[in-house]
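Residues per chain, in single letters:
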Amino acid sequence: MIRFKCSLTGLCCKASPITLQSFEEMLVSLLAESMSIDVEIAPAYTIYDALSNQWIALSYTLYLNDDNRCPFLSKNNMCLLHSIYKPFICRTYPYVPREVQYLVNSELKLIIPQVVYGVSTRCPVIEAHKPLISKYFEADANFIKEYMPNEYRAAMEAERARLVITTLLSNLWREGLVELMQKPPPMGSDRFINAYSLLQRYNPRLPYILGIHGVVEKIKLAKAAND
Ligand code: SF4
């Protein structure tokens, strides 16, 4: 069977802003600082906490720079984050979350993520394989797993991480430490808190649970060496 193989055009790093999970925002901001790269990152999906009167950001948007390129894409189209920490969305591409919803159940005090993945036709490899994908994507449940195993695996990891964050946040809710509801922030608000930062206060082992402790240590060591 034909398998997906990235043709390294770098097109996906110029296509659209990059969505980051909350802990990825922390990692990417630290990496940008340690590399002296200017980045613009803004909260994307947020949930209101009535107890602290702030919005908990579950995801963020990393904007392309003025040249419509990811700020971490080098002049020769190499990803500067590749060997340290590459965001999930970059590892799953062109298998990407098409729809991300967080269902907020106030009765059970539960946040349930619902994510629908699809294949991006902006990728030239996908465009070339379009007949094959159209034929099998919906008809064969194992197709994606076999066609793009690395990207599929990364998507599974991404969803596991998302579930860790929403489960821990739901736990805080049930413990009465937050009071969550769906309410969009007013224009211009700066009352945001990163979901990962909030959860880490109550779960110091969170970097280990998410498997990012090694990356965090590496970034801290690099920063200490530069200071
Ligand atoms: S982080 Fe790397 S792979 Fe992701 S869009 Fe930027 S340059 Fe491309």
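Reading the values: rules and limits
- Residues numbered from 1 in each chain as written.
- Predicted model: local features only at pLDDT ≥ 70, side-chain atom pairs only at ≥ 80, totals over all residues.
- Heavy atoms only, no water.
- Near = heavy atom within 4 Å.
- Nonpolar A, V, L, I, M, F, W, Y, C, P; charged D, E, K, R; others polar.
- Core = buried A, V, L, I, M, F, W, Y, C linked by side-chain atoms within 4.5 Å.
- Buried < 20%, exposed > 50% of the residue type's maximum accessible area, 1.4 Å probe, protein only.
- Contact = heavy atoms within 4.5 Å.
- Pairing = 2+ DSSP bridges.
- Helix = DSSP H or I, 4+ residues; strand = E, 2+ residues; numbered from the N terminus.
- Axes fitted to C-alpha atoms, helices over the stretch in contact; angles between N-to-C directions.

1. Side note on the site of the ligand
Argument step 1. Close contacts around the ligand come from Cys13, Ile18, Cys70, Phe72, Leu73, Cys79, Leu81, Lys86, Pro87 and Cys90, and that covers them all.
Argument step 2. Here the residues of the shell around the ligand are counted per class, giving nine nonpolar, no polar and one charged.

2. Quick look at the nonpolar core
Argument step 1. Phe23, Leu27, Leu169 and Leu210 are the most contacted members of the largest nonpolar core, which totals 61 residues.
Argument step 2. With residues up to four places along the chain from it excluded, the contact list for Phe23 reads Tyr85, Phe88, Ala161, Tyr196, Leu210 and Ile212.

3. Describing the sheet that holds strand 2 (residues 41–43)
Each strand in a sheet pairs with its neighbour through backbone hydrogen bonds, running either in the same direction (parallel) or in the opposite one (antiparallel).
Argument step 1. In space, the three strands of this open sheet follow the order 1-5-2, with antiparallel pairing throughout. The open sheet has two edge strands with one neighbour each: strand 1 (18–21) and strand 2. Taking the axes of each pair of neighbouring strands and ignoring which way they run, one obtains an average angle of 30 degrees across the sheet.
Argument step 2. Relative to strand 5 (residues 59–62), strand 1 runs antiparallel, the two sharing four bridges. Each residue of the ladder has a partner; that of Thr19, found in strand 5, is Thr61.
Argument step 3. Lying over the sheet, helix 2 (residues 22–35) contacts strand 1, strand 2 and strand 5, oriented at roughly 110 degrees with respect to strand 1.

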